Amino acid sequence: MRKARTILALVGAAGAATSAFSTLKSARGRNDKLALVNAAAGIVVAITGAALAARGLRKGGKA
């Protein structure tokens, strides 16, 4: 059960990264600095979530 939860966390991080990159592209097109900062923060959150999920998979589901 823990492994499934960890895999779902990894899928969620991938979805967050996709959304953040989409926001980044849109913000760059509009030259919106606040949206750029928000997208950059979202990318950092997605990377951290993916790292935590990967660590959980390596440790047998214990994140």
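Anything mentioned here points back to the structure above.
Asks: Report on the pattern of salt bridges, specifying residues and quantitative values.
Replies: Tallied over the full model, the rule gives 1 salt bridge. The shortest N-O distance in the salt bridge between Asp32 and Arg30 comes to 3.6 Å. By relative accessible area, Arg30 is classed as exposed at 52%.

Asks: Run through helix α2 (residues 33–58), naming residues and quoting values.
Replies: Over its 26 residues, α2 runs 38 Å from end to end, which matches the ideal 38 Å to within 8%, given 1.5 Å per residue. Those residues of α2 lying buried are Ala35, Ala39, Ile43, Ala46, Ala53 and Gly56. In this fold, the buried residues of α2 make contact with α1 (2–30). Trailing α2 by a residue or two, Gly60 shows a phi angle of about 75°, which is positive.

Asks: An account of the environment of Asn31 is needed here, citing residue identities and associated values.
Replies: With respect to the secondary-structure elements, Asn31 resides in the loop between α1 and α2. With 26 residues separating them along the chain, Asn31 and Arg5 place their C-alpha atoms 38 Å apart.

Asks: Help me get a handle on unusual backbone geometry, residues and values and all.
Replies: At Asn31, a residue that is not glycine, the phi angle is positive and equals roughly 60°. Since its relative accessible area comes to 58%, Asn31 is described here as exposed.

The rules we used
Residues numbered from 1 in each chain as written. Predicted model: local features only at pLDDT ≥ 70, side-chain atom pairs only at ≥ 80, totals over all residues. Heavy atoms only, no water. Salt bridge = Lys/Arg side-chain N within 4 Å of Asp/Glu carboxyl O. Buried < 20%, exposed > 50% of the residue type's maximum accessible area, 1.4 Å probe, protein only. Helix = DSSP H or I, 4+ residues; strand = E, 2+ residues; numbered from the N terminus. Expected span 1.5 Å × (residues − 1). Contact = heavy atoms within 4.5 Å.

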